[in-house]
Amino acid sequence: MSSQTPRSSSESYFWPVVWAVSLHVLLFGLLFVSFAFTPELPPSKPIVQATLYQLKSQSQATTQTNQKIAGEAKRTAARQYEVEQMEQKKVEQQKLAAAKAAEEKRAEEAQKAAEAKKTAEAEKAEQAKKAAEAKAEAEAEAKKAAEQKQQAEIAKKKAAEEAAKKQAEAEAAKKKAAEDAKKKAAEEEARKQAAAEAAKKKAAEEAAKKQAAAEAAKKKAAAESARKAAEDKKAQALAELLSDTTERQQALAETQGDQVAGSLDDLIISLVSQQWRRPPSARNGMSVEVAIQMLPDGTITNASITRSSGDSAFDSSAVAAVRNVGRIPEMQQLDRATFDRMYRQRRMIFKPEDLDL
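Residues numbered from 1 in each chain as written. Predicted model: local features only at pLDDT ≥ 70, side-chain atom pairs only at ≥ 80, totals over all residues. Heavy atoms only, no water.

- In the nomenclature of an unreviewed UniProt entry, the protein chain corresponds to Cell envelope integrity protein TolA from the organism Azotobacter bryophylli.
- As recorded by UniProt, the Subcellular location (unreviewed entry) comment attached to the protein chain reads in full: "Membrane". (UniProt positions renumbered as here; feature names shortened; annotations may be inferred.)

Here it is, written out as structure tokens:
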């Protein structure tokens, strides 16, 4: 709430004084201008009341004397007029000087009043400034106290948060230790179970490998027996070819060649089966067709996919199995025509459950 300060006497007289000084200055200016522009009037002729009597008896000398007296009187009147004019101007100048002095005095008094007012206002402003500074200092002290209080509250809150954080970390560490122990026990159990499964799987693989080796040996023996039988048949066929017509010889050769080819197919299947490593992605129902290219001496020159199974790992395992056989010497049993017709390019179908040619 603000209080109204009563106006001082200097403030109440300031504007009236200013207006009075301004009015006098204006009047003085108008008076000076009117005096400066007043036209200079010709000197007034003195009023001489005289009665002229014509005397016939007057002489010429008397007439001249009278004329001279009249001229002197006229000049005297002119000088008197000039003196009066100068006196009048002097009086007017004195009046103007007095008015000017009065105006200057009033202006000086107005200036003094203005300076007094200015000083009073400065003192008032200084007092207001001091009051504002005192108020600002008080507000700063209050703000500082509030900030200190706020910092104390922040420190208290931070300490509480640190305590809660440490407690939470302790609980988390305790919980993590329990979970780690539990996880370690589960991992140990899983490792033991995996080891048992691996051992069981390895035993099964060893058994399967032994069985596969036994079957391969059996197939090899069968292939060897078939080879010998084929050789015997071939020898018999050659004998018959020597003693028969050309057409019969050709028919018998093709028949014997087909029989030998059948035994060689079994041999190829056996050899490729021994080299094949079944990939983990192999599933029942999958099949891939591989084209095999060989030379007459049985060397496998190339193996490529002609029909994919859709599984790259399974396809790659089939190609690798064929290439790992390397060479099949038994191919030399065939004549060149039969080899070119049946084995120079041969197709093999791989399936997870068996192999077909």
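Let us keep going from here.
**Quick word on the overall build of the protein chain**
- Each helix and strand in the protein chain was counted, giving five helices and four strands.
- Helices (α) and strands (β) of the protein chain occur, in sequence order from the N terminus, as α-α-α-β-β-α-α-β-β.
- A total of 357 residues make up the protein chain; the buried ones form 18% of that total.
- For the protein chain, the computed accessible surface area is about 27300 Å², with 56% contributed by carbon and sulfur atoms. (Helix = DSSP H or I, 4+ residues; strand = E, 2+ residues; numbered from the N terminus. Buried < 20%, exposed > 50% of the residue type's maximum accessible area, 1.4 Å probe, protein only. Areas by Shrake-Rupley, 256 points an atom, 1.4 Å probe, with all protein chains shown as cover.)

**Side note on helix 4 (residues 312–325)**
- An ideal rise of 1.5 Å per residue puts 20 Å on 14 residues; helix 4 measures up with 21 Å between its terminal C-alpha atoms.
- All of the buried residues in helix 4 are Phe314, Asp315, Ser317, Ala318, Val319, Ala321, Val322 and Val325.
- One or two positions beyond helix 4, positive phi appears at Gly326, with a value near 80°. (Expected span 1.5 Å × (residues − 1).)

**A short note on the environment of Pro279**
- Relative to the assigned elements, Pro279 resides in the loop between helix 3 (246–275) and strand 1 (288–294).
- Measuring from C-alpha to C-alpha, the distance between Pro279 and Ala313 comes to 6.6 Å, with 34 residues separating the pair along the chain.
- In contact with Pro279, other than residues within four places in its own chain, are Ala313, Phe314 and Ser317. (Contact = heavy atoms within 4.5 Å.)

**Quick notes on a nonpolar patch on the surface**
- On the surface, Leu23, Leu26, Leu27 and Leu30 cluster together into a nonpolar patch covering about 410 Å² of accessible area.
- Structurally, Leu30 can be placed in helix 1 (residues 9–36). (Patch = residues over 30% accessible without salt bridge, like charges linked within 9 Å, V, L, I, M, F, W, Y side chains within 5 Å. Salt bridge = Lys/Arg side-chain N within 4 Å of Asp/Glu carboxyl O.)

**With respect to the pairing of strand 3 (residues 345–350)**
- Burial along strand 3 is one-sided: Arg346, Met348 and Phe350 are buried, and none of Gln345, Arg347 and Ile349, which face the opposite way, are.
- In this structure, strand 1 lies alongside strand 3, joined through six bridges in antiparallel fashion. By the bridge assignment, Val288 is partnered in strand 3 with Phe350. (Pairing = 2+ DSSP bridges.)

**Brief notes about the packing of aromatic side chains**
- Scanning all chains against the criterion turns up two aromatic pairs.
- When the centroid spacing of 5.9 Å and the interplanar angle of 70° are considered together, the rings of Trp276 and Phe314 count as edge-to-face. Of the two residues, Trp276 sits in the loop between helix 3 and strand 1 while Phe314 sits in helix 4, which places them 38 residues apart along the sequence. Considered together, Trp276 and Phe314 belong to a single accessibility category, that of buried residues. (Phe/Tyr/Trp six-rings, centres within 6.5 Å; stacked < 30°, edge-to-face > 60°.)

**Points about the nonpolar core**
- Met294, Val322, Tyr343 and Phe350 are the most contacted members of the largest nonpolar core, which totals 29 residues.
- Beyond its immediate sequence surroundings of up to four residues, Val322 is in contact with Val272, Val290, Ile292, Ile300, Ala303, Met348 and Phe350. (Core = buried A, V, L, I, M, F, W, Y, C linked by side-chain atoms within 4.5 Å.)

**Considering the confidence of the model for the protein chain**
- Per-residue confidence for the protein chain gives a mean pLDDT of 78, with 75% of residues at or over 70.
- Segment residues 232–257 is flagged for pLDDT under 50; beyond a separation of four residues in sequence, or across chains, it makes 18 contacts in the model. (pLDDT = per-residue confidence, 0-100.)

**Notes on the pattern of salt bridges**
- The final tally for this structure, using the stated rule, is eight salt bridges.
- A salt bridge links Arg344 to Asp340, with the shortest nitrogen-to-oxygen separation between them at 2.9 Å.
- Residue Arg344 is classed as partly exposed on the basis of its relative accessible area of 28%.
- Taking relative accessible area as the criterion, Asp340 reaches 35% and is therefore assigned partly exposed.
- Within this structure, Arg336, Asp340 and Arg344 form a network of salt bridges that share partners.

**Focus on the pairing of strand 2 (residues 300–307)**
- In the sheet, strand 1 pairs with strand 2 via six bridges, with the strands oriented antiparallel. Pairing of Ile292 across the sheet is with Ala303, part of strand 2.
- Where strand 1 folds back onto strand 2 in an antiparallel hairpin, the turn is made up of five residues, including Gly298, whose phi is positive at roughly 95°.

**Topic: a negative patch on the surface**
- On the surface, a cluster of negative charge is contributed by Glu126, Glu133, Glu137 and Glu141.
- Secondary-structure assignment places Glu133 in helix 2 (residues 60–242). (Lys, Arg positive; Asp, Glu negative; His and termini not counted. Charge placed at Lys NZ, Arg CZ, Asp CG, Glu CD.)

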